[in-house]
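Here's the letter readout for the chains.
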Amino acid sequence: MLNDSHVCRITREASFVLKDLITLTKPRLLRLNIFAAFGGFWVASKWDFDFLLMLWMLIGSTLTMASSTVINNYWDRELDLKMDRTRGRAVPMNRISPPVVLAYGLAMGVAGIAVLFLLVNPITGWLGLLGWFFYIVIYTLWLKRTSTWSTSVGGVAGAMPPVIGYCAVTGEADMGAWLLFALLFLWQPAHFWSLAIRRVEEYREAGFPLLPVVKGVKRTKLQMIPYVLLLVPAVIFMYVYGYSGIYFLIIAGLLTIAWLIHTIGGIKAKDTEKWAKVNFLISVNYLMIVFVAMIANTPHA
């Protein structure tokens, strides 16, 4: 029979495994993407909600995105051992066996795509599958290991959540879907490169051919500028085409200009580490504030 100490040990071990399984989904990244999907749904709904449809969209999107991050952890397990930031993860530390992780990721992917196809609509299923394919095959298996274009092209997957949310309501990829795609796609490179600049030596030692590793920090700073600059017309068009109101335009416009000024200032920044840290923090808060403003100032149907 099991005594109290055995029960406590088993319970403790189960809680550790559960924590690792949750961590494999990269919860912070997942929360941000779920919020983006909700934002897209809200914009398309124009305050006239189908709550059940929204629930299925969020469940399907969450499972699909979680599948992508778990399988990413599976494929990157050997590379993760080479970086201080990642070597403590569950898979490289062998706390969970790779086959279990792969099965876990695939199971969530099948479930998530099925929910989108069967309980939301076909276009969201195809968008979820496309985002999954880009993140796993194009980004993780191919470009992340071979090209400086990994961040830009991989941004296609990261831009899918709000589009899925939007198309769950509309059933088609119209101008609103493309503008939401543009906001997330253009936001990602400057966001990620800010982090990559701070950890450039870690990425170099691990063998990741990121832009600051291959082309240098100065080139990376220059290449961030057009992405942030193009957010300006994306924000303006969200207002012009009636997907958001004047308050969104003012708030998002001012934030974009502020971020652009800080990004341009990086060219002459004497303390690159400090500049990159601030730019990263700006990018994180930028996306959250812009989407909150967009949701709050969505015109009524």
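Look above for the structure.
Residues numbered from 1 in each chain as written. Predicted model: local features only at pLDDT ≥ 70, side-chain atom pairs only at ≥ 80, totals over all residues. Heavy atoms only, no water.

Enquirer: Got a minute to help me understand the pattern of salt bridges in this structure?
Expert: Pairs may arise between side chains of opposite charge once their charged atoms sit close together. As enumerated under the stated definition, the model contains six salt bridges in all. For R145, the salt bridge goes to D76, with nearest N and O atoms at 2.8 Å. Placement of R145 in helix 6 (residues 122-146) and of D76 in the loop between helix 3 (51-75) and helix 4 (77-80) is noted, with a sequence separation of 69 residues between them. Of the residues examined, D76 reaches a relative accessible area of 1% and is grouped as buried. The shortest N-O distance in the salt bridge between R199 and E202 comes to 3.3 Å. Exposure remark for R199: the relative accessible area of 26% places this residue in the partly exposed category. Each of D76, K144 and R145 takes part in salt bridges that share partners, so that together they form one network. (Salt bridge = Lys/Arg side-chain N within 4 Å of Asp/Glu carboxyl O. Helix = DSSP H or I, 4+ residues; strand = E, 2+ residues; numbered from the N terminus. Buried < 20%, exposed > 50% of the residue type's maximum accessible area, 1.4 Å probe, protein only.)

Enquirer: Can you walk me through the packing of aromatic side chains in this structure?
Expert: Any aromatic ring pair is given by two values, namely how distant the centres are and how the planes are angled relative to each other. In total, this model carries 17 aromatic pairs according to the counting rule given. Taking 5.6 Å as the distance between ring centres and 65° as the angle between the ring planes, the aromatic pair formed by F38 and W42 counts as edge-to-face. Taken together, the positions of F38 and W42, both in helix 2 (residues 27-45) and four residues apart, correspond to about one turn of that helix. With relative accessibility at 14%, the residue W42 sits in the buried group. Seen from their ring centres, Y74 and W75 are 5.2 Å apart, and the 80° between their planes marks the pair as edge-to-face. Under the relative-accessibility criterion, Y74 is labelled buried at 13%. Its relative accessible area of 37% is what places W75 among the partly exposed residues. Members of the aromatic cluster, joined through ring pairs, are F38, F41, W42, W47, F49 and F51. (Phe/Tyr/Trp six-rings, centres within 6.5 Å; stacked < 30°, edge-to-face > 60°.)

Enquirer: Whenever I open this one, the side chain of Q188 confuses me. Can you help?
Expert: On the secondary structure map, Q188 appears in helix 9 (residues 175-198). Separated by 3.0 Å, the side chain of Q188 and the backbone oxygen of L184 make a polar contact. (Polar contact = N/O pair within 3.5 Å; in protein donor to acceptor, adjacent residues only side chain to side chain.)

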